[in-house]
Amino acid sequence: MGDLAPTSDWPGVHVTRRARGLPASGSYTCRCGTTGRAQGDDNVRDLVAEWIDHRNTCPHR
Ligand SMILES: [Zn+2]
């Protein structure tokens, strides 16, 4: 999993990994106020999928 942090699309999803071997953590913030957080590679992957899904259904896009 690479660097998924957007540079020109904030609010958006933000994924960070403090160091190799540590689990990733991520969060997203939407213009409509919806937010989400996750810890751990699998959970962050789900979080990113959730964010992509939300962008398709968000009432404030
Ligand atoms: Zn939204």
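Caption draft 1: How the structure looks around the coordination of the zinc ion. For the zinc ion, the full set of protein donor atoms is Cys-30 (SG), Cys-32 (SG), His-54 (NE2) and Cys-58 (SG), at a range of 2.0 to 2.3 Å. Around the zinc ion sit 4 donor atoms, and with donor-metal-donor angles ranging over 105 to 115° the site reads as tetrahedral. Exposure remark for Cys-32: the relative accessible area of 25% places this residue in the partly exposed category. Its relative accessible area of 13% is what places His-54 among the buried residues.

Caption draft 2: Quick look at the sheet that holds strand β3 (residues 35-39). One open sheet accounts for 3 strands, arranged β1-β2-β3; its pairing is antiparallel. Every interior strand has two partners, whereas the edge strands, β1 (13-16) and β3, have only one. In this sheet, adjacent strand axes meet at a mean angle of 10° when their direction is disregarded. The strands touched by helix α1 (residues 41-57) are β1, β2 (25-29) and β3; relative to β2, the strand with the most contacts, the crossing angle is about 15°.

Caption draft 3: Region of interest: the environment of Val-15. By secondary structure assignment, the location of Val-15 is in strand β1. Separated by 24 residues in sequence, Val-15 and Gln-39 have C-alpha atoms that sit 9.7 Å apart.

Caption draft 4: Representation of the pattern of salt bridges. Applying the stated criterion across every chain yields a total of 2 salt bridges. Measuring nitrogen to oxygen at the nearest pair gives 3.5 Å for the salt bridge that ties Arg-17 to Asp-41. With Arg-17 in the loop between β1 and β2 and Asp-41 in helix α1, this pair connects stretches of sequence that are 24 residues apart. For Arg-17, a relative accessible area of 37% puts it in the partly exposed group. Classification of Asp-41 by relative accessible area gives partly exposed; the value is 29%.

Caption draft 5: Geometry of the pairing of β2. Relative to β2, β1 is paired through 4 bridges, and the arrangement is antiparallel. Each residue of the ladder has a partner; that of Val-13, found in β2, is Tyr-28. As paired elements, β2 and β3 share 5 bridges and run antiparallel to each other. Along β3, the bridge assignment pairs Gly-26 with Ala-38. The turn linking β2 back onto β3 is made up of 5 residues, and Gly-33 within it adopts a positive phi angle of 100°.

About the cut-offs
Residues numbered from 1 in each chain as written. Predicted model: local features only at pLDDT ≥ 70, side-chain atom pairs only at ≥ 80, totals over all residues. Heavy atoms only, no water. Donors = N, O, S within 2.8 Å, 3.2 Å for Na, K, Ca; no water. Tetrahedral: all angles 85-135°; square planar, octahedral: opposite > 155°, others 65-115°. Buried < 20%, exposed > 50% of the residue type's maximum accessible area, 1.4 Å probe, protein only. Pairing = 2+ DSSP bridges. Helix = DSSP H or I, 4+ residues; strand = E, 2+ residues; numbered from the N terminus. Axes fitted to C-alpha atoms, helices over the stretch in contact; angles between N-to-C directions. Contact = heavy atoms within 4.5 Å. Salt bridge = Lys/Arg side-chain N within 4 Å of Asp/Glu carboxyl O.

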